[in-house]
Amino acid sequence: MSDYTLRYVGDQALLVEFENEISMEVNQKVRALRFDLERKRIPGLGELVPTYRALLVHYDPLTADLDQIKEDIRQSADQMDLSQLPNAIVTEIPVLYEGEYALDLEDIAKLENTTPEEIVRIHSGSDYYVYMLGFAPGHSYTARFEAPFSFKRRETPRVRIPGGSIVVQLGLSNVIPFDQPCGWNIIGTTPILACDYRKEDPFLLRAGQWIRHIPIDKAEFLEIKRQVELGEYQCRTYERGM
Amino acid sequence: MGFVTEDPGVLTTVQDEGRYGYEQFGMSPAGPMDLRAFRTANLLVGNPMGESALEATILGPALRFDQDNTIALTGADMGPSLNGQPCPMYQAVAVKAGDLLRLGAAKTGCRAYIAFAGGLDVPPVMGSRATALQNKVGGFQGRRLAKGDAVGFRAPDPALPLPRTAPIPDHGGNEVTIRVVLGPQDDAFTREGIDTFLGRPYTVSKDFDRMGCRLEGPVIQHKTDGNIISDGMVTGAIQVSTSGQPIIMLAERQTVGGYTKIAAVISADLPLVGQRKTGDRIRFQAVSVEEAHRLWRAFDRELKELGARLAQPQPAQPIGTTYKVTVNGRSYQVQVVKHTS
């Protein structure tokens, strides 16, 4: 059983909030509620948008029975059993940690008082959890549960960094889908597109999954980039327990 | 073939009802800023309510047709003309290849809609033809129309029997009341903060686009500050950051946000927000969710009834007197019909 707060969000959505913290445990409740509501196939239920600690539940007031949806949420929360969650997916993201593709790698190594090789080993050595997506299409909010680095943002944000940049601070690491301003340090670059509108399913990542960064060299980067442009590249994925 | 954009105006985009189901991936739905005017325009030309149409902002476009079709204009009155003659709004109008439709500056409201029988020939992206300007995707090449852009018609119907008319709604004057449902973070504000929000007028600032409408007015007081752990967003959400100034999040808003949201505009009043301009004043009034649902059902019914009425066979030859009139060298059959309503 999970305690939650139910709030109205305008006249076409409800917000189900769990504990007010960013943690794996709380986010798993969001994930569990989402699976359960999706499974129930509730008439008039719209999109479910998971975030760190809350699930936004869209509904169509013309076809949905609001009281029934509230009751379905209550039942799901009452009967919530996190051990019953399906296995999570891990997506392997190839990363070139080198030269102009890793603009801040040398600085990061200095900040952490170690070598670039050690930084790459640390960054690619553990899985990162995708809490949610937002900000831009395909943009993930991703973290691991020990902070492998102690540095934070750059003093002066960059006005524009390219899509494909892998940026880091503390325990966080994000794949940047499109060019954008950014104050985080660039540790590497992936040839993969986090959002590719040419595809039927344009989005590489989903809330509640994991990422593993795989170091590649320049030749592999160029070959994968070529395949991505042709729409032929598939990232390797596999399941893991929580 | 369809029309060529001779002048794009300030901001003219292809929209349909929006791209739904991708907020979980960070994509806002886009779609029209005034759903009532948008749906009405489509119904007038015999389209499904959500068909692709043009949304013009502040200063409308000039379009040269290269194919016959039936069109309808709704929303803001931009003084539309067809070949230099006033073009009526809220009714279907037949256009011929070579005709020039020109819209000017908005006299009332902010956004006008131009619907074309059969819709526009732009490729759907993820099930929608709506332009998401921020994401550079959908509509016409993911961007606003530019001079010279040629947009095709998908299934033009130049023989749509006329007349087809709809009542012209009131976009409100320079001060309107917008109804809201409080929450989800109304408890982050002091009693005084809520009273300020609901009691005092707010002015639409210059910072007003398809993403959001930044308002200026008395500071809305938080209990602590305006930050929360980022959560999901809806169109119409009214976000108040620590500065205490409200922003109404609109069609191309972000999908998640880390600021407190004091309330959300009810669905039935969102069209009124879409017709505001810089300098307009807004007062907020809180209503219950039940009341908001009742108003939304009325909104839906109004449009469905219009659709049903327009779907009835229109009188092919209205009883009246027919005259032949020549204007600027072109001949028209004009019928004077006695109104019976």
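Here the structure is a predicted model, which means the values were calculated and not measured.

A.B. asks: What's the story with the overall build of chain B in this structure? I'm lost.
C.D. replies: From N to C terminus, chain B includes four helices and 21 strands. Relative to the compact-globule value of 20 Å for 341 residues, chain B shows a C-alpha radius of gyration of 21 Å, a close match. Across its three principal directions, the C-alpha atoms of chain B cover 70 × 45 × 30 Å. Here chain B holds 341 residues, and the buried ones make up 56% of them. At a minimum sequence separation of 6, the contacts of chain B that also span at least 24 residues come to 74%. Counting every atom, chain B has about 14,100 Å² of accessible surface; 52% of that belongs to carbon and sulfur.

A.B. asks: What is the right way to look at the overall build of chain A in this model?
C.D. replies: Helices and strands together make up the secondary structure of chain A, namely five helices and 14 strands. By the compact-globule yardstick of 18 Å for 242 residues, chain A fits well, its C-alpha radius of gyration being 20 Å. The dimensions of chain A, computed from C-alpha atoms along their principal axes, are 60 × 40 × 35 Å. Split into buried and exposed, the 242 residues of chain A put 55% on the buried side.

A.B. asks: Got a minute to help me understand the pattern of salt bridges in this structure?
C.D. replies: Charged atoms that come close allow side chains of opposite charge to pair. Going through the model one piece at a time under the given rule, you end up with 39 salt bridges over all chains. Measuring nitrogen to oxygen at the nearest pair gives 2.5 Å for the salt bridge that ties Asp36 of chain A to Arg39 of chain A. Here Asp36 of chain A and its partner Arg39 of chain A are both found in helix α1 (residues 24-40), three residues apart, which amounts to about one turn of the helix. The shortest N-O distance in the salt bridge between Glu118 of chain A and Arg121 of chain A comes to 2.8 Å. You can see Glu118 of chain A and its partner Arg121 of chain A sitting in helix α4 (residues 116-123), three residues apart, about one turn around the helix. Classification of Glu118 of chain A as partly exposed rests on a relative accessible area of 26%. Using a relative accessible area of 52% as the deciding quantity, one classes Arg121 of chain A as exposed. Residues joined in a network through salt bridges with shared partners are Arg7, Glu17 and Arg53 of chain A together with Asp187 of chain B.

A.B. asks: What exactly am I supposed to notice about the packing of aromatic side chains here?
C.D. replies: Here a ring pair, both rings aromatic, is described through the centre-centre distance and the interplanar angle of the planes. This structure, assessed with the given rule, holds 21 aromatic pairs over all chains. Arranged with centres 6.0 Å apart and planes meeting at 15°, the rings of Phe178 of chain A and Tyr197 of chain A form a pair that is stacked. In this pair, Phe178 of chain A is assigned in the loop between β10 (172-175) and β11 (180-182) and Tyr197 of chain A in the loop between β12 (185-189) and β13 (210-216), connecting sequence segments 19 residues apart. Directly above the aromatic system of Trp210 of chain A lies the positively charged group of Arg240 of chain A, at a separation of 3.7 Å from the ring centroid. A cation sits over an aromatic face here: Arg111 of chain B above Phe208 of chain B, 5.0 Å from the ring centre.

A.B. asks: Would you mind going over the sheet that holds strand β4 (residues 62-65) of chain B with me for this structure?
C.D. replies: Strand pairs in the sheet, formed through backbone hydrogen bonds, run parallel or antiparallel to each other. All names here are of chain B. In space, the six strands of this open sheet follow the order β7-β6-β9-β4-β1-β11, with antiparallel pairing throughout. Of all strands in the sheet, those with a lone pairing partner are β7 (85-86) and β11 (150-152), marking the two edges. Bridge analysis of strand β6 (residues 81-82) against strand β9 (residues 100-102) gives two bridges, and the strand direction is antiparallel. Within β9, the position partnered with Leu82 by the bridge is Leu101.

A.B. asks: Just to check I follow, could you spell out the interface of chain B and chain A for this structure?
C.D. replies: Interfaces are often sized by the amount of accessible area the parts lose when they come together. Contact residues are listed per partner, giving 35 residues for chain B and 41 residues for chain A. Between chain B and chain A, the buried area comes to about 3,100 Å², and carbon and sulfur atoms account for 64% of it. Between the two partners, chain B and chain A, sit one salt bridge. For Arg7 of chain A, the salt bridge goes to Asp187 of chain B, with nearest N and O atoms at 3.1 Å. The interface formed by chain B and chain A includes twelve residue pairs in polar contact (both at pLDDT 80 or more). Contributions of two or more residues to the side of chain B that touches chain A are made by β12 (175-182), β15 (227-232), β18 (256-265) and α4 (289-311) of chain B. With seven residues, the top contributor of residues to the side of chain B that touches chain A is α4 of chain B.

A.B. asks: Just checking my understanding: could you explain the environment of Pro124 of chain B for this structure?
C.D. replies: Considering the arrangement of structural elements, one finds Pro124 of chain B in the loop between β10 (108-116) and β11. For the pair formed by Pro124 of chain B and Gly193 of chain B, sequence separation is 69 residues and the distance between their alpha carbons is 44 Å.

A.B. asks: Where do I start with a nonpolar patch on the surface in this structure?
C.D. replies: Side chains of Val10, Ile58 and Leu59 of chain B sit close together on the surface and give an oily, nonpolar patch of about 210 Å² of accessible area. Within the secondary structure layout, Leu59 of chain B lies in the loop between β3 (53-57) and β4.

A.B. asks: I tried to follow the environment of Thr142 of chain A on my own but got confused; where do I start?
C.D. replies: All names here are of chain A. One can find Thr142 in strand β7 (residues 140-143). For the pair Thr142 and Val175, spaced 33 residues apart in sequence, the C-alpha to C-alpha distance is 8.4 Å. Leaving out residues up to four positions away in the same chain, Thr142 has contacts with Tyr128, Tyr129, Val130, Gly171, Leu172, Ser173, Asn174 and Ile211. At a separation of 3.1 Å, a polar atom in the side chain of Thr142 contacts the side chain of Ser140.

A.B. asks: Just to check I follow, could you spell out the packing of helix α1 (residues 35-44) of chain B against α4 of chain B for this structure?
C.D. replies: Two quantities define a packed helix pair, namely the angle between the axes and the distance from one axis to the other. Residue and element names in this part refer to chain B. Remark: α1 packs on α4, axes separated minimally by 9 Å, with the N-to-C direction vectors making an angle of 15°. Classified by the angle their axes make, α1 and α4 are roughly parallel. With respect to the hand of their crossing, α1 and α4 are arranged in right-handed fashion. Residue-level inspection shows Leu35, Arg36, Arg39, Thr40, Leu43 and Leu44 of α1 in contact with α4, the latter providing Trp296, Phe299, Asp300, Glu302, Leu303, Leu306, Gly307 and Leu310.

A.B. asks: Would you mind going over the domain arrangement of chain B with me for this structure?
C.D. replies: Residues and elements named next belong to chain B. Along its sequence, chain B is organised into domain 1 (2-152) and domain 2 (175-287). Facing the 29 residues of domain 1 at the interface are 18 residues of domain 2. Summing the contributions of domain 1 and of domain 2, the shared interface buries around 1,700 Å²; its carbon and sulfur component is 48%. There are two salt bridges connecting domain 1 and domain 2. Glu55 is the salt-bridge partner of Arg210, the closest N and O atoms lying 2.9 Å from each other. Applying the counting criterion to the domain 1 and domain 2 interface returns 13 residue pairs in polar contact (both at pLDDT 80 or more). Those elements that place two or more of their residues in the side of domain 1 that touches domain 2 are β2 (11-15), α1, β5 (69-77) and β10.

Procedures and definitions
Residues numbered from 1 in each chain as written. Chains lettered and ligands numbered in written order. Predicted model: local features only at pLDDT ≥ 70, side-chain atom pairs only at ≥ 80, totals over all residues. Heavy atoms only, no water. Helix = DSSP H or I, 4+ residues; strand = E, 2+ residues; numbered from the N terminus. Rg over C-alpha atoms; globule rule 2.2 N^0.38 Å. Buried < 20%, exposed > 50% of the residue type's maximum accessible area, 1.4 Å probe, protein only. Contact = heavy atoms within 4.5 Å. Areas by Shrake-Rupley, 256 points an atom, 1.4 Å probe, with all protein chains shown as cover. Salt bridge = Lys/Arg side-chain N within 4 Å of Asp/Glu carboxyl O. Phe/Tyr/Trp six-rings, centres within 6.5 Å; stacked < 30°, edge-to-face > 60°. Lys NZ or Arg CZ within 6 Å of the ring centre and 35° of its normal. Pairing = 2+ DSSP bridges. Buried area = accessible area lost by both parts, 1.4 Å probe. Polar contact = N/O pair within 3.5 Å; in protein donor to acceptor, adjacent residues only side chain to side chain. Patch = residues over 30% accessible without salt bridge, like charges linked within 9 Å, V, L, I, M, F, W, Y side chains within 5 Å. Axes fitted to C-alpha atoms, helices over the stretch in contact; angles between N-to-C directions. Parallel < 35°, antiparallel > 145°, perpendicular 65-115°, else oblique. Left-handed = near helix turned anticlockwise from the far one by under 90°. Domains from an automatic or database assignment.

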